[in-house]
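Observations on the model geometry
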Amino acid sequence: MKLYCLSGHPTLPCNVLKFKSTTIMLDCGLDMTSTLNFLPLPLVQSPRLSNLPGWSLKDGNVFLDKTELIDLSTVDVILISNYHCMMALPYITEHTGFTGTVYATEPTVQIGRLLMEELVNFIERVPKAQSASVWKNKDVQRLLPSPLKDAVEVSTWRRCYSLQEVNSALSKIQLVGYSQKIELFGAVQVTPLSSGYALGSSNWIIQSHYEKVSYVSGSSLLTTHPQPMDQASLKNSDVLVLTGLTQIPTANPDGMVGEFFSSLALTVRNGGNVLVPCYPSGVIYDLLECLYQYIDSAGLSSIPFYFISPVANSSLEFSQIFAEWLCHNKQAKVYLPEPPFPHAELIQTNKLKHYPSIHGDFSNDFRQPCVVFTGHPSLRFGDVVHFMELWGKSSLNTVIFTEPDFSYLEALAPYQPLAMKCIYCPIDTRLNFIQVSKLLKEVQPLHVVCPEQYTQPPPAQAHRMDLMIDCQPPPMSYRRAEVLALPFKRRYEKIEIMPELADSLVPMEIKPGISLATVSAVLHTKDNKHVLQPPPRPAPPAGGKKRKRVNDDIPDCKVLKPLLSGSIPVEQFVQTLEKHGFSDIKVEDTSKGHIVLLQEAETLIQIEEDSTHIICDNDEMLRVRLRDLVLKFLQKF
Amino acid sequence: MDPECSRLLPALCAALADPGQPVADDTCLEKLLDWFKSVTEAGSSLQLLRDSPCLVELLLQVPQAPGLSPRVLAFALRLAGLLAAQEACFQFLQQGELLSGLFGEAGPLGGAAWMAPTVRSGWIQGLRSLAQHPRALPFLAELGALDTVVALQGDSSLFVASAAGQLLAHILGLALGGPAEGPPGPPACDWPASAQAVVGHLEEALSAATAPRATQALHVLTTTFGHCHRPWTQGLWARLSPLVARLLEKDPVPAAHPLVDLLLSVARSPALSSDRGWWEMAARALGSLRPAHAGPLALGLLTLQDCPQALSAQAFAVLLQPLACVLKAAAQAPAPPGWPAGPEGDAAAVATLLSSRSACVGLLCQTLAHLELLQPLPQRPAPWPQAPLLGAVLTVLRFCNGSAVPAPGSDLGGHLCAVLAGCARVQRAALGLLGALYEDAGPPELVTQVFAVLLDYLRSPDSSPTVLKKAFQAALQWLLSAPTPPGGCAPDPPAQPFLGELLPVLQRRLCSPCWEVRDSSLEFLTQLAGHWAGQAGFRHALLASEVPELAWQLLQDPESYVRASAVTAVGQLASRGLHATPAGPECPGGPQKGVLPELLGVLAADPEGFPRRAAMQVFARWLRDGHAEAADAERFVARVLQAAGRDLDWEVRAQGLELGRAFLERALGRPGPPCPDAAAAPEPAAPAAQALRAACRVGLPEFALRALFDCDRPVARAACALLLLLRDQAAPGLSLPEAGPAVAALEAALQRWRAGEQAQPPGPLEPEAVLAVLRSLDLEGLRGALAESSDHVERNPQSLLQDMLATAGLRGDNEADCY
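Residues numbered from 1 in each chain as written. Chains lettered and ligands numbered in written order. Predicted model: local features only at pLDDT ≥ 70, side-chain atom pairs only at ≥ 80, totals over all residues. Heavy atoms only, no water.

For chain B, an unreviewed UniProt entry supplies the name BRCA1 associated ATM activator 1 and the organism Pipistrellus kuhlii. Here is the UniProt Subcellular location (unreviewed entry) comment for chain B, exactly as written: "Cytoplasm". Chain B has a UniProt comment under Sequence similarities (unreviewed entry) that states "Belongs to the BRAT1 family." (UniProt positions renumbered as here; feature names shortened; annotations may be inferred.)

The name given to chain A in an unreviewed UniProt entry is Integrator complex subunit 9, with Pipistrellus kuhlii as the source organism. Check the Sequence similarities (unreviewed entry) section of the UniProt entry for chain A; it says "Belongs to the metallo-beta-lactamase superfamily. RNA-metabolizing metallo-beta-lactamase-like family. INTS9 subfamily."

Here it is as structure tokens:
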């Protein structure tokens, strides 16, 4: 059993598990931090950005080197744990020769589609007149200013996929429900479990009859909108692959939500605008819900809230229809019937308005001061770029970062100098290290496998020994482009026995409670299922060539010698030998058993736990006699 | 006993002795016992029995009556004990073998009723009451009660077990009781038999291998030494102390908690604390007990007045040991100067303890709480290690918010990081101690660190509301202690920069979505403004910030507690001229109306009581301080009383009377101390008649007269006191004026108020009419009636007996009701 680690990003994992002749890819997250090296794509012509000096290459040529760890066309299935971890799907399904199936829950697919569509829309609506790739040459890259100079494997950076590729990739997905058991080639069974992090987010169990691997990715124990995490089903795992823990272990989500609203209220009261760069799904639902409770008490009822995204409408509406994927409270509301999320009411009362983009209706309705939720959190593309340009110059305005995926300082770099206030309240509801240690105590896996980042404190807080996974035995860690041999051996395989064959068995009790029977059968293996079938009967002897050929195919069924069991009591054996006329018998104890020495006959009888040898000089008569004496003490069946 | 009670008693006794009758509840029986106790304390029990033979009858019947309720059985046992406390009565009851019948084998002791814990408890309490005179001892011996009591120490009911221990201590005291002064009693060999027996039991228990037995004995000794300081206790301690010392030699020390209690009880006993051997034992105990138990002992020793210097130093070192470990984990340096040196072995024990999460949190919280208790005491160790203590508390707080860097290579440091990060319990305890340490300040660089850590906590979004409240309290204490230069324009550094950074934090906290945070921020603001309002620098910074405006906006908060705090804060700011005013150039977007109308609006319209009460408090303070808003006192008071008169909350009405009293005193020329910022000078003293007229103009008499018949007694009492003041001041010698139509109308209104109706008097009251009514009312009588507790009618024994009889007689009616 091997694990191929294709991603070094602990919250955007991409691992391939080879288990019992199946090749399973676990998630395919897309690390978009490389976009931070590019300039923002403005929606409206920005003189500032366009006037930046260009960088021209004197000479040189381009080559791409590919370091392939595994041939992705051999991947049988891809298991997706949540919508953030499927963003690289088109690259894999469309460009690698992948022919397998992708499994994901319905909300994961729908919201993942929204995220991809938003991404494609953001990029495609601002087409670039020219694109440069020569700089990816290592010799050229070396000359570039930092941080580009230090960026690793720029050759693997890709252009954004197209909507067509998205559709094609998503068509390969097969929808699954929590606790649904899916057979893969009869060899293993995979099951998604609720992970409590996002709508439809799942952990996966990959098991055969005797082995169980749990894949935990992006789980949460906090009470937010999704169904709570299913911990019990993770018990008794041989290996637990643990990824997707919180990226900000020192920030408590509750405290951050408090900080978010305090900053928001303060800014708006002063007549400033608030910009929240965010994804169109996920934490935004919880923020809107908190806002709903807080809006009146903070005197914000007259402030407009805008949610701008090409998929804003779909996201808000999709969230209301996935009732069975929501936490219990929200499910209960559906039966009242009420919309599970209160943002429906915010929209009805016109407090929250949503638009596909800043063009069109929005420009008519736009009123300040206001609060704007929009993407992309990297500040490199999407409507957020426009608002950064628009509001950046006034210190009355505030940008509040809630998504933990990007360094907010790097995200802000191209907008400097910036007068607007910046507040960093990363809200990451995924498991923190205290919760992980409780989870591991509860679930008790034999082995834990995790990214190497989780096995040591974060570099910025090297003294925080509490910010790492602490379990016994210590976790196995992996890093990008590493292949791990998972630390357990498969020992058993399940074999079915046909009823008529079972019927013919004659068990013999050799110990109380333990019976043995010999089986002669044909082992039939197909689709990773093994069946013992009765051996074909020897055909009646008959003439004809045709028959004879059939007989050739039938395996020879020799008459088997009986199997022996039991142990030989040495003293009684010696007495028996004496009774049968052997004299001058010496017994020596060895480390494994005994040696009975018949000095007169110049014969040795070695009696060990699992074998008996009679060593005599070419006297077959004597050997057979002795053998029969030995056999008297053993059971036959 | 009054004749009515004597008449009712036989029927009640008969009802109690009848198993078929329903039994009155425990409370009634308890009250009945209280009554008997007061009767026997006032006179002779023997006489009581002779006057009421039914009691003897009851006591005789109880042991024989099968199926009697355990409650009645317990009651009879306790009653018998109560009566037999007097020697004469004891003899009288014993002549008829009545006591033996009740408390001996013939009583419930041997029967099924003994299974009920109430009965066992009644048996012990009966004996406890009975054992007041020397004759009781042979009686107890005869009964063989001692063995039963000893066995009951291990009873499954905690109440019974505890009472048994106390009874043993009491028997010991009775047996050995001698004169309060003089020689230390007879030598041990001459002790009476019962004392010997009890001491024998104690010795056996102390030498027993099991901790529960030793615990029982230690409890008995703690009670004995705690209550009795007679000379004989020295003999007892001399005899038992070797056994106690032997407990200390075991590892771990068994029954450590009660052992500490015993040692401290001995230390506090004037008869024993002079014993040198005891101090040695205490020193040994400090060394051998685990830190969790050594801490309370150390604190107990340090609070003693006459603890020897060496022992007190040792105790202090033990107490500080966990903090020493924390310091060491963070610095790896030798103990800071001024830190008492502790034995190395202890440090290792504490280090092991700190490495487990629950033990570490418990021990640190205990240590911090102990130091907080010790800090203000006059007998605290001197020199007090203020600077290292501050350093240690700051280190703990830094470990708790993850900013402490453990010493390189320190395992303990790593563990502390992991265990303490985000631990709100330790944070609260440490902030509590930090707040208490403000008095002695410390070196300036440490004070700077204190403010820095406090700011970290106030800023951190991860601080829980309770931690934040503690941080606010500590910050306030440190700010108040910061020295201000004589000019009074700004506090010295480092408080000044702290104040500067505090306001933005406060601003953000006032916008918190968590109501507890908004509430404690407002409370903090109120206190801060109260203290610093005089400082120009602070005034300027506050007015430049949005804090006053935010406080104003919180008057509309959805949470009533927050609104109440906002009312107090706005009132405080307004009285110091710091509120957000519409005209103020500092607050362009400020409120549109004044503070007084806004707060009157709260009083009139807020649906919850807390904000309205807060508003009344603000008004009363304004009036007393002579605040500008209350400059036109008559108009002000009239408006407030008008709003408060209709209030449903009794506290608001009571505070209305307080306000009225303040107004009256002011009108009579007895104003309270004026506020330094007072905008209006107090009015000159006016004659009483003028005061009465002023009171009438604001509607005070009407308000008070209506309140006189308020269904809430505190309001009525306050109204009565106010009216008495008005009457005595305004009309000491006036003759009764003639009754006019105004007086008649007012009396009619009074009648209706008395009947609980919401009637209005016809028009404003004339001073003459008020005076006439005041004279006609028996205010003194009313005051007396109101001073009685509301159940004074129901509380007399007669009513109790009637109630119990009624319960007993109810059975027939109930049956008729059921079908």
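On to the overall build of chain B, then. Summing up its helical and strand segments, chain B has 41 helices and zero strands in all. Counting the 819 residues in chain B, one finds 51% classified as buried. Counted over contacts in chain B with a minimum sequence separation of 6, partners at least 24 positions apart contribute 74%. (Helix = DSSP H or I, 4+ residues; strand = E, 2+ residues; numbered from the N terminus. Buried < 20%, exposed > 50% of the residue type's maximum accessible area, 1.4 Å probe, protein only. Contact = heavy atoms within 4.5 Å.)

Residue and element names in this part refer to chain A. Spatially, the seven strands line up as an open sheet ordered S7-S8-S9-S10-S11-S18-S19, and their pairing is mixed. With one partner strand each, in any of the chains shown, strand S7 (182–184) and strand S19 (476–478) form the two edges of the open sheet. Across the sheet, the mean angle separating the axes of adjacent strands is 20° when strand polarity is ignored. Direction of pairing for strand S11 (residues 239–243) relative to strand S18 (residues 447–451): parallel, over a ladder of three bridges. Bridge pairing links Leu240 to Val448 in S18. (Pairing = 2+ DSSP bridges. Axes fitted to C-alpha atoms, helices over the stretch in contact; angles between N-to-C directions.)

Residue and element names in this part refer to chain A. Domain annotation of chain A identifies domain 1 (2–245 + 445–485), domain 2 (253–424) and domain 3 (564–636). Here domain 1 and domain 2 have C-alpha centroids that lie 26 Å from each other. Counting residues at the interface gives 41 residues for domain 1, matched by 43 residues for domain 2. Both sides of the domain 1 and domain 2 interface together cover about 3,500 Å² of buried area, and 69% of this is carbon and sulfur. (Domains from an automatic or database assignment. Buried area = accessible area lost by both parts, 1.4 Å probe.)

Residues and elements named next belong to chain A. One pass over the structure, following the stated rule, counts six cavities of 30 Å³ or more. Within this model, the largest cavity holds a volume of roughly 220 Å³. If you trace the largest cavity, you find 21 residues lining it, with His84, Tyr197, Val283, Glu403 and Arg430 closest to the centre. For the lining of the largest cavity, the two domains that each supply at least three residues are domain 1 (2–245 + 445–485) and domain 2 (253–424). Volume-wise, the second largest cavity comes out at about 180 Å³. In terms of lining, the second largest cavity is formed by 17 residues, of which the most central are Met32, Met87, Tyr279, His376 and Asp405. (1 Å grid on protein atoms, 1.4 Å probe; cavity = no way out; pocket = protein on both sides within 12 Å on 5 of 7 lines; lining within 4 Å. Points joined across faces, edges and corners; volume = space filled by probe spheres on them.)

Residue and element names in this part refer to chain B. For the pair helix H15 (residues 256–268) and helix H16 (residues 276–288), the least separation of the axes is 11 Å and the interaxial angle reads 150°. Taken together, the axes of H15 and H16 are roughly antiparallel relative to one another. H15 and H16 meet at a crossing whose hand is left-handed. The residues of H16 that touch H15, namely those facing Leu263, Val266 and Ala267, are Trp278, Met281 and Ala285. Its residues placed into classes, the contact of H15 with H16 shows six nonpolar, no polar and no charged. (Parallel < 35°, antiparallel > 145°, perpendicular 65-115°, else oblique. Left-handed = near helix turned anticlockwise from the far one by under 90°. Nonpolar A, V, L, I, M, F, W, Y, C, P; charged D, E, K, R; others polar.)

Residues Phe373 of chain A together with Phe103, Trp123 and Phe619 of chain B are the most contacted members of the largest nonpolar core, which totals 390 residues. Looking at which element gives the most residues to this core, the answer is helix H18 (residues 309–331) of chain B, with 12 residues. When neighbours within four sequence positions are excluded, Phe619 of chain B is seen to be in contact with Leu596, Leu599, Leu600, Leu603, Phe636, Val640 and Leu659 of chain B. In terms of nonpolar packing, the next biggest core, distinct from the first, is built from 26 residues, Tyr103, Ile182, Ile206 and Val449 of chain A among them. (Core = buried A, V, L, I, M, F, W, Y, C linked by side-chain atoms within 4.5 Å.)

With that settled, consider the pairing of strand S24 (residues 522–526) of chain A. All names here are of chain A. Examined bridge by bridge, S24 and strand S25 (residues 529–533) share five bridges and lie antiparallel to one another. Each residue of the ladder has a partner; that of Lys526, found in S25, is Lys529. Hairpin geometry of S24 and S25 is characterised by an intervening segment of two residues between the two adjacent antiparallel strands and by a positive phi of about 50° at Asp527.

What follows concerns the interface of chain B and chain A. Residue-level contacts link 22 residues of chain B with 22 residues of chain A. Our count for the contact surface shared by chain B and chain A stands at one salt bridge. One salt bridge in this structure joins Glu259 of chain A and Arg508 of chain B, with 2.9 Å as the shortest N-O distance. At the boundary of chain B and chain A, one finds eight residue pairs in polar contact (both at pLDDT 80 or more). For the side of chain B that touches chain A, the leading source of residues is helix H22 (residues 411–420) of chain B, giving three residues. Counted by class, the side of chain B that touches chain A contains 11 nonpolar, seven polar and four charged residues. (Salt bridge = Lys/Arg side-chain N within 4 Å of Asp/Glu carboxyl O. Polar contact = N/O pair within 3.5 Å; in protein donor to acceptor, adjacent residues only side chain to side chain.)

Our focus in this paragraph is unusual backbone geometry. A negative phi angle characterises most non-glycine residues, just as the trans form characterises most peptide bonds. Residues and elements named next belong to chain A. A cis amide bond links Gln368 to the next residue, Pro369, at an omega of -5°. The residue Pro369 is located in the loop between helix H11 (361–365) and strand S15 (371–374) in this model. In the segment running from Gln472 into Pro473, the intervening peptide bond is cis, with an omega of -10°. Positionally, Pro473 belongs in the loop between S18 and S19.

Scanning the model with the defined rule gives 35 salt bridges over all chains in all. With its nearest N and O atoms 3.1 Å apart, the salt bridge here joins Glu94 of chain A to Lys172 of chain A. Taken together, the residues Glu94 of chain A in helix H2 (residues 89–95) and Lys172 of chain A in the loop between helix H5 (163–170) and strand S6 (173–176) connect sequence positions 78 residues apart. The class for Lys172 of chain A is partly exposed, based on a relative accessible area of 26%. The residue Asp440 of chain B makes a salt bridge to Arg380 of chain B at a minimum N-O spacing of 3.3 Å. You can see Asp440 of chain B sitting in the loop between helix H23 (424–436) and helix H24 (444–459) and its partner Arg380 of chain B sitting in the loop between helix H20 (357–374) and helix H21 (386–400), a full 60 residues away along the chain.

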